[in-house]
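Each chain, letter by letter, is given below.
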Amino acid sequence: MRILFVLILAALLPACATAPPARVDNACSIFQEKKGWYDDAVKARDDWQSPIPVMLAIMHQESRFVAKAKPPRRRILGIIPGPRPSDAFGYSQALDSTWESYQRSTGRHRASRKNFADSIHFIGWYNNESLHRSGIPRDDAYRLYLAYHEGHGGYNRGTYRGKAWLQGVAGKVRTRASQYQSQLAACESSLPRRRGFFGLF
């Protein structure tokens, strides 16, 4: 009985780890290192028809896969730490209000922004909202990121048009999504999948 408990605990520990992947620029390395993340990404893709490379690229831009990421504090007089610019938090950097909308919409009331599975599911949900509310194709990483950053109301009003820096960031997300897609095409068939009870069988 004690051996079974140790085995179960050992299987659960990787899921509790919060350290980001060692190589955030390589989708294959991310999923090979973080056991269970590929299955989480597949579920989000299947639930929302949002391509894995696009969701992963948005998460990379938002948090670099840091579980408890927060926006940097503003500096007062260039020295004194001031307030944070928003209440964005976690892998997805979702705002409190947007996360609550996701929870209400999906019924996932226990979902946490510091959980990878919940966060990538949120990004898939948001991208699906962008399709229906802003007419953005599911594979258009550039425009999906603009809507993700500005909100659907802001995107529909074109608030991003006066933000050259944001358009540059969206271009980086598009490039990274393309890179992730090429990488996954070469390794996806060999990525580890969960099996059985806690992955033991």
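Note: the structure precedes this text.
### Brief notes about the packing of aromatic side chains
Part 1 of the argument: By the definition in use, this model includes 15 aromatic pairs.
Part 2 of the argument: The structure contains a cluster of three or more aromatic residues connected by ring pairs, namely Trp99, Tyr102, Phe122, Trp125, Tyr126 and Tyr148.
Part 3 of the argument: The positively charged end of Lys34 is found above the aromatic ring belonging to Trp37, 5.7 Å away from the centroid.

### Focus on helix 3 (residues 37-48)
Every α-helix winds through 3.6 residues per turn, so residues three or four apart in the chain are directed the same way.
Part 1 of the argument: For helix 3, with 12 residues, the first-to-last C-alpha span of 17 Å sits near the 16 Å given by 1.5 Å per residue.
Part 2 of the argument: Those residues of helix 3 that fall on the buried side of the exposure criterion are Trp37, Tyr38, Asp39, Asp40, Ala41, Val42, Ala44 and Trp48.
Part 3 of the argument: At the C-terminal side of helix 3, Gln49 shows a positive phi close to 55°.

### Considering helix 4 (residues 52-63)
Part 1 of the argument: With 12 residues, helix 4 extends 16 Å between its outermost C-alpha atoms, agreeing within 8% with the 16 Å of an ideal straight helix rising 1.5 Å per residue.
Part 2 of the argument: A large share of helix 4 lies buried, amounting to 11 of its 12 residues.
Part 3 of the argument: Listed in full, the buried residues belonging to helix 4 are Ile52, Pro53, Val54, Met55, Leu56, Ala57, Ile58, Met59, His60, Glu62 and Ser63.
Part 4 of the argument: On its buried side, helix 4 packs onto helix 2 (27-33), helix 3, helix 6 (116-134), helix 7 (141-157) and helix 8 (164-187).
Part 5 of the argument: Where helix 4 ends, the next residue or the one after it, Arg64, has phi of about 55°, a positive value.

### Focus: the environment of Lys35
Part 1 of the argument: Within the element layout of this structure, Lys35 appears in the loop between helix 2 and helix 3.
Part 2 of the argument: Along the backbone, Lys35 and Arg194 are 159 residues apart, and their C-alpha atoms lie at a distance of 8.0 Å.
Part 3 of the argument: A polar contact is formed between the side chain of Lys35 and the backbone oxygen of Gln32, at a distance of 2.7 Å.

### Thoughts on unusual backbone geometry
Part 1 of the argument: The backbone phi angle of Arg64 is positive, close to 55°, even though this residue is not glycine.
Part 2 of the argument: Tracing the backbone shows Arg64 in the loop between helix 4 and strand 1 (75-76).
Part 3 of the argument: For Arg64, a relative accessible area of 40% translates into the label partly exposed.
Part 4 of the argument: Notably, Phe65 is not glycine yet its phi reads approximately 65°, a positive angle.
Part 5 of the argument: Structurally, the position occupied by Phe65 is in the loop between helix 4 and strand 1.

Reading the values: rules and limits
- Residues numbered from 1 in each chain as written.
- Predicted model: local features only at pLDDT ≥ 70, side-chain atom pairs only at ≥ 80, totals over all residues.
- Heavy atoms only, no water.
- Phe/Tyr/Trp six-rings, centres within 6.5 Å; stacked < 30°, edge-to-face > 60°.
- Lys NZ or Arg CZ within 6 Å of the ring centre and 35° of its normal.
- Helix = DSSP H or I, 4+ residues; strand = E, 2+ residues; numbered from the N terminus.
- Expected span 1.5 Å × (residues − 1).
- Buried < 20%, exposed > 50% of the residue type's maximum accessible area, 1.4 Å probe, protein only.
- Contact = heavy atoms within 4.5 Å.
- Polar contact = N/O pair within 3.5 Å; in protein donor to acceptor, adjacent residues only side chain to side chain.

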